[in-house]
Amino acid sequence: MKSAIEQLGGETQLRALVERFYDRMETDPAAHSLHRLHFRGHGLNHTRQAQFEFLCGFLGGRAYYRERFGHMDLREIHAHIPIREADAELWLDTFDAALADCEMTGPVIAKMRTTLRRAALMLVNDVPDWRLEADAGQT
């Protein structure tokens, strides 16, 4: 049986999906609040690579992320980031749009979307949201 990443078309297709997702995040005004979450920290270039590496292992391919960082604990990775339910939904909507842009459909995509939804909603937290403080400082 093929792994999910093989069913997607391998690392090349996954890389294209991740690139499209972050291109959308950087250019779609509707995704700006999600993009803002990357203003602090390593930035999107680092995140593009880390996302690709994580998803490779997540989808049954080579575990690049685990090889580099020693784990694939989503909560630990995102522990410092304020994630509200609206952020998780926006992430999922942006990912769905990238899937559509890349014309990725079928059973493996449906299963991946279900798993990603569960993971994204699990990350919702009560970390203080620096975006609110920054916005209040602008008025």
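Look above for the structure.
From a predicted model like this one, the values you see are computed outputs, not experimental measurements.

(A) A look at the overall build of the protein chain. What the protein chain contains, in helices and strands, is nine helices and zero strands. Listing every helix and strand of the protein chain by position from the N terminus yields α-α-α-α-α-α-α-α-α. The globule rule puts the C-alpha radius of gyration for 139 residues at 14 Å, and the 15 Å found for the protein chain is close to it. Put simply, the protein chain has 139 residues, and 40% of those count as buried. Across the protein chain, every contact between residues at least 6 apart in sequence was considered, and the portion connecting residues at least 24 apart equals 71%. Roughly 8000 Å² of accessible area belongs to the protein chain as shown, and the carbon and sulfur atoms make up 52% of that amount. For the protein chain, the distance from the average position of its 17 positive side-chain charges to the average position of its 21 negative side-chain charges is 3 Å.

(B) Highlighting the pattern of salt bridges. Following the criterion strictly, the structure yields 12 salt bridges and no others. Of the charged contacts, one joins Glu53 and Arg68 as a salt bridge, the two residues approaching to 3.0 Å between their closest N and O atoms. On the criterion of sequence distance, the pair formed by Glu53 in helix α4 (residues 44-58) and Arg68 in helix α5 (residues 64-69) is long-range, its members being 15 residues apart. Residue Arg68 is classed as partly exposed on the basis of its relative accessible area, which comes to 45%. The shortest N-O distance in the salt bridge between Arg113 and Asp96 comes to 2.7 Å. Taken as a pair, Arg113 in helix α8 (residues 107-122) and Asp96 in helix α7 (residues 85-101) lie far apart in primary sequence, 17 residues in all. A residue is classified by how much of its surface remains accessible, and Arg113, at 39% relative accessible area, is partly exposed. The class of Asp96 is partly exposed, set by a relative accessible area of 26%.

(C) Looking closely at the packing of aromatic side chains. Overall, the coordinates contain eight aromatic pairs when judged by the stated rule. With centroids separated by 5.1 Å and ring planes inclined at 55°, the aromatic side chains of Phe21 and Trp91 adopt a geometry described as tilted. Taken as a pair, Phe21 in helix α2 (residues 10-27) and Trp91 in helix α7 lie far apart in primary sequence, 70 residues in all. One exposure class covers both Phe21 and Trp91, and it is buried. Taken together through their ring pairs, the aromatic side chains of Phe21, Tyr22, Trp91 and Phe95 make up a single cluster. Directly above the aromatic system of Phe52 lies the positively charged group of Arg15, at a separation of 3.7 Å from the ring centroid.

(D) Spotlight on the side chain of His35. Residue position: His35 is located in helix α3 (residues 32-36). His35 gets classed as buried once you look at its relative accessible area, which sits at 16%. Leaving out residues up to four positions away in the same chain, His35 has contacts with Met25, Glu26 and Leu44.

(E) View of the nonpolar core. In terms of nonpolar packing, the biggest core is built from 38 residues, with Leu8, Leu14, Leu17, Leu55, Phe95 and Met112 touching the most fellow members. For this core, the elements supplying multiple residues, two or more each, are α1 (4-8), α2, α4, α7 and α8. For this core, the leading source of residues is α7, giving seven residues. Apart from residues lying up to four places away in sequence, Phe95 is in contact with Leu17, Phe21, Leu55, Met112 and Leu116.

(F) Summary view of the state of the cysteines. Under the counting rule described, the total for this entry stands at zero disulfides. There is no disulfide at Cys56, and the cysteine sulfur nearest it, in Cys102, is 14 Å away. Look at Cys102 and you get partly exposed, because its relative accessible area is 22%.

Scoring rules and cut-offs
Residues numbered from 1 in each chain as written. Predicted model: local features only at pLDDT ≥ 70, side-chain atom pairs only at ≥ 80, totals over all residues. Heavy atoms only, no water. Helix = DSSP H or I, 4+ residues; strand = E, 2+ residues; numbered from the N terminus. Rg over C-alpha atoms; globule rule 2.2 N^0.38 Å. Buried < 20%, exposed > 50% of the residue type's maximum accessible area, 1.4 Å probe, protein only. Contact = heavy atoms within 4.5 Å. Areas by Shrake-Rupley, 256 points an atom, 1.4 Å probe, with all protein chains shown as cover. Lys, Arg positive; Asp, Glu negative; His and termini not counted. Charge placed at Lys NZ, Arg CZ, Asp CG, Glu CD. Salt bridge = Lys/Arg side-chain N within 4 Å of Asp/Glu carboxyl O. Phe/Tyr/Trp six-rings, centres within 6.5 Å; stacked < 30°, edge-to-face > 60°. Lys NZ or Arg CZ within 6 Å of the ring centre and 35° of its normal. Core = buried A, V, L, I, M, F, W, Y, C linked by side-chain atoms within 4.5 Å. Disulfide = S-S within 2.5 Å.

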